[in-house]
Amino acid sequence: MPGALQLVNSIPDGKWGVVTSGSRLLATNRLRHCGLPVPEAMVTADDVDHGKPHPEPYLRGAEKLKVPPTECLVIEDAPAGIQSACAGGMKVIGITSTYDAHVIKDADAVVASLAQIQIRTDGAGTLVVEVK
């Protein structure tokens with residue numbers, strides 16, 4: 001996905017993860033195939049009893065990152081994922097890579113490209129997110 005490598009490279013190690021409905025093997029292979037790093041914090045279908053739209057996958061992701069769910073930001077391309085993250089108390093940016101904007105309208109913001117999302121750290125180590 002265009003902009004993915006730049007986005008993950010702008011986030012400090014250990015501050016981002018992947019939550020997917022796919023298997024660990026599939027997710028790892030896809031990340032490597034695309035030249036993306038495999039994060040330490042990864043939650044796959046293999047790790048949960050209840051998949052999306054249940055909040056369990058994203059709550060497990062927050063737990064792995066050691067961050068309260070309310071301090072997490074999720075980037076999602078599917079309605080079930082948006083519902084899952086929202087149910088977990090997280091903010092969500094929807095990306096129109098799979099569905100049109102009107103289908104993912106329940107996200108807090110909707111973008112057409114990952115390049116529209118800028119992440120930086122402030123002087124205290126807090127992540128600051130800008131959506132253009």
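Above this text you will find the structure in question.
Calculation rules
Residues numbered from 1 in each chain as written. Predicted model: local features only at pLDDT ≥ 70, side-chain atom pairs only at ≥ 80, totals over all residues. Heavy atoms only, no water. Salt bridge = Lys/Arg side-chain N within 4 Å of Asp/Glu carboxyl O. Helix = DSSP H or I, 4+ residues; strand = E, 2+ residues; numbered from the N terminus. Buried < 20%, exposed > 50% of the residue type's maximum accessible area, 1.4 Å probe, protein only. Arc of directions from axis to C-beta. Contact = heavy atoms within 4.5 Å. Pairing = 2+ DSSP bridges. Axes fitted to C-alpha atoms, helices over the stretch in contact; angles between N-to-C directions. 1 Å grid on protein atoms, 1.4 Å probe; cavity = no way out; pocket = protein on both sides within 12 Å on 5 of 7 lines; lining within 4 Å. Points joined across faces, edges and corners; volume = space filled by probe spheres on them. Nonpolar A, V, L, I, M, F, W, Y, C, P; charged D, E, K, R; others polar. Polar contact = N/O pair within 3.5 Å; in protein donor to acceptor, adjacent residues only side chain to side chain.

Colleague: I keep staring at the pattern of salt bridges and nothing clicks. Help me out?
Modeller: Side chains that carry opposite charge are capable of pairing whenever their charged atoms lie near each other. For the coordinates displayed, the defined rule picks out 4 salt bridges. The partner of Arg-24 in a salt bridge is Asp-47, with the nearest N and O atoms 2.6 Å apart. Pair noted here: Arg-24 is in helix H2 (residues 24-33) and Asp-47 is in the loop between strand E2 (41-43) and helix H3 (56-65), with a separation of 23 residues, a long-range link. The closest approach of N and O atoms between Arg-120 and Glu-130, which form a salt bridge, is 3.5 Å. Note that Arg-120 is positioned in strand E6 (residues 117-121) and Glu-130 in strand E7 (residues 127-131), a separation of 10 residues in sequence. The exposure class of Glu-130 is partly exposed, given its relative accessible area of 35%.

Colleague: How should I be thinking about H2 in this particular structure?
Modeller: Helical geometry: 3.6 residues make up each α-helical turn, so side chains three or four residues apart lie on a common side. Along H2, the residues classified as buried are Ala-27, Thr-28 and Leu-31. End-on view of H2: buried residues confined to an arc of 95°, all on one side of the axis. Exposed positions of H2 whose direction lies more than 90 degrees from the buried face are Leu-25, Arg-30 and His-33. In this structure, the buried residues of H2 make contact with strand E1 (17-19) and E2.

Colleague: What should I look at first to understand the sheet that holds strand E4 (residues 91-95) in this one?
Modeller: The strands making up a sheet associate through hydrogen bonds between their backbones, and the pairing can be parallel or antiparallel. Pairing in this open sheet of 3 strands is parallel, and the strands run E3-E4-E5 from one edge to the other. Taken across any chain shown, the strands that pair with only one partner, and hence form the sheet edges, are strand E3 (73-76) and strand E5 (109-111). Between one strand and the next, the sheet's axes are offset by a mean angle of 25°, whatever the strand orientation. Pairing between E3 and E4: 4 bridges, direction parallel. The partner of Ile-75 across the bridge, within E4, is Ile-93. Of the strands in this sheet, E3 and E4 are in contact with helix H4 (residues 79-87), which crosses E4 at around 170°.

Colleague: Even after reading the chapter, I still don't get the layout of surface pockets, so can you show me in this structure?
Modeller: By rolling a water-sized probe across the atoms, one finds the places where empty space is left. The volume enclosed by the largest pocket comes to roughly 1,700 Å³. Taken together, 48 residues line the largest pocket, and the ones lying closest to its centre are Trp-16, Gly-17, Val-18, Val-19 and Ile-75. Class assignment for the residues of the lining of the largest pocket results in 32 nonpolar, 10 polar and 6 charged.

Colleague: Could you clarify how one ought to interpret the pairing of E4 in this entry?
Modeller: On any regular strand, side chains alternate: one points to one face of the sheet, the next to the other face. With 4 of 5 residues buried, E4 lies mostly within the body of the structure. Across 3 bridges, the pairing between E4 and E5 is parallel. Following the sheet pairing, Ile-95 is matched in E5 by Val-111.

Colleague: Explain the side chain of Lys-52 to me, please; I cannot follow it from the model alone.
Modeller: Examined against the element boundaries, Lys-52 turns out to sit in the loop between E2 and H3. On the basis of relative accessibility, which here comes to 19%, the residue Lys-52 falls in the buried class. Here the side chain of Lys-52 touches Val-19 through a polar contact of 3.2 Å, landing on its backbone oxygen. Reaching out from Lys-52, the side chain makes a polar contact with the side chain of Glu-76 at a distance of 2.8 Å.

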